[in-house]
Amino acid sequence: MSAHPMDDTAPARRAGRRPVTTRYEIEHIALELFSERGFDTTTVDDIANAAGIGRRTVFRYYRSKNDIPWGAFDEELERMRRTFAALPSDLPIMAGVRRAVLDFNEVHPDEQPWHRRRLRLILDTPALQAHSTLRYAKWRRVVAEYAASRLGLSPDDLVPQTIGHASLGVALAAYERWLTEGGNLHELLDVVFRALESGLVPEPAR
């Protein structure tokens, strides 16, 4: 990831632009509207009208308005599973989790301002909290499955579940720090996951 400071500005859609049809274009327009008008007061019709498309095209990609801020989350979870599956079998479990989470959060520099808007919306919008809980559970499950496979346990056993919860907790701490102070999200995630590997005892300064 780029190390330059982030802000909440993102490229505006040009007036008279052709109707959009790709998921990313729709998401960008929706994120602009959510930022300008608020999530609760922005409707699917508003998004469709701004994009120059019909409601049906929006629902081709998303089941509901609540799904839009999460983008291609389910596809990214499958990619995360593939990352876990490709890790060396002798890699320490928490080092493997760190590596997979860093890969999961790899975002192209051009997309980072949008990613920042996306995370701010997900973390700060009360109307999204119940929906977010379901997404967090899916994310934790992928981590728990990996931990369980390494430990010879079920993903529903206590230790794999704990690893999933702990991993989500430190990831959220890094996201919140990035949103309030800027910096490099990748580096923040690396710091908190290395701390988790060492029992949340900070590594000595070099």
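So, here is what we can say about the structure in this document. What you see is a predicted model, and the numbers here were worked out from it, not measured in a lab. (Residues numbered from 1 in each chain as written. Predicted model: local features only at pLDDT ≥ 70, side-chain atom pairs only at ≥ 80, totals over all residues. Heavy atoms only, no water.)

Moving on to a nonpolar patch on the surface. A contiguous nonpolar surface patch, about 230 Å² in accessible area, is contributed by Leu151, Leu153 and Val159. Its place among the elements puts leucine 153 in the loop between helix H7 (129–151) and helix H8 (158–181). With relative accessibility at 39%, the residue leucine 153 sits in the partly exposed group. (Patch = residues over 30% accessible without salt bridge, like charges linked within 9 Å, V, L, I, M, F, W, Y side chains within 5 Å. Areas by Shrake-Rupley, 256 points an atom, 1.4 Å probe, with all protein chains shown as cover. Salt bridge = Lys/Arg side-chain N within 4 Å of Asp/Glu carboxyl O. Helix = DSSP H or I, 4+ residues; strand = E, 2+ residues; numbered from the N terminus. Buried < 20%, exposed > 50% of the residue type's maximum accessible area, 1.4 Å probe, protein only.)

Compared with an ideal rise of 1.5 Å per residue, which puts 13 residues at 18 Å, helix H9 (residues 185–197) spans 18 Å between its outermost C-alpha atoms and is within 8% of the ideal. Residues of H9 that are buried: Leu185, His186, Leu189, Asp190, Phe193, Ala195 and Leu196. Buried residues along H9 sit in contact with helix H5 (93–104), helix H6 (112–124) and H8. Structurally, the start of H9 carries an N-cap: the backbone nitrogen of histidine 186 is 2.9 Å from a side-chain oxygen of asparagine 184. In the segment just after H9, glycine 199 is the residue with positive phi, at about 75°. (Expected span 1.5 Å × (residues − 1). Contact = heavy atoms within 4.5 Å. Polar contact = N/O pair within 3.5 Å; in protein donor to acceptor, adjacent residues only side chain to side chain.)

With 37 residues, the main nonpolar core has Met80, Phe84, Val97, Trp139, Tyr175, Leu189 and Phe193 as its most contacted residues. Residue contributions to this core peak at nine residues, all from H8. Ignoring any residue separated from it by four or fewer positions in sequence, one finds phenylalanine 193 in contact with Val97, Arg98, Val101, Ser167, Val170 and Ala171. The next biggest cluster of nonpolar side chains, apart from the first, holds 18 residues, and it includes Leu33, Phe39, Ala48 and Ile68. (Core = buried A, V, L, I, M, F, W, Y, C linked by side-chain atoms within 4.5 Å.)

Structurally, arginine 99 can be placed in helix H5. Arginine 99 sits 12 residues away from leucine 87 along the chain, and the two C-alpha atoms are 8.7 Å apart. Discounting chain neighbours no more than four positions away, the residues touching arginine 99 are Leu87, Pro88 and Leu91.

Looking now at the layout of surface pockets. Looking at the largest pocket, its volume works out to about 630 Å³. Sorting the residues of the lining of the largest pocket by element identifies helix H1 (23–37), helix H4 (73–86), H6, H7 and H8 as the ones contributing at least two each. Partitioning the lining of the largest pocket into residue classes produces 15 nonpolar, four polar and seven charged. Computed from the structure, the second largest pocket encloses a volume of approximately 270 Å³. Looking at the second largest pocket, it is lined by 14 residues, and the ones nearest its centre are Arg63, Asp67, Asp74, Arg135 and Lys138. (1 Å grid on protein atoms, 1.4 Å probe; cavity = no way out; pocket = protein on both sides within 12 Å on 5 of 7 lines; lining within 4 Å. Points joined across faces, edges and corners; volume = space filled by probe spheres on them. Nonpolar A, V, L, I, M, F, W, Y, C, P; charged D, E, K, R; others polar.)

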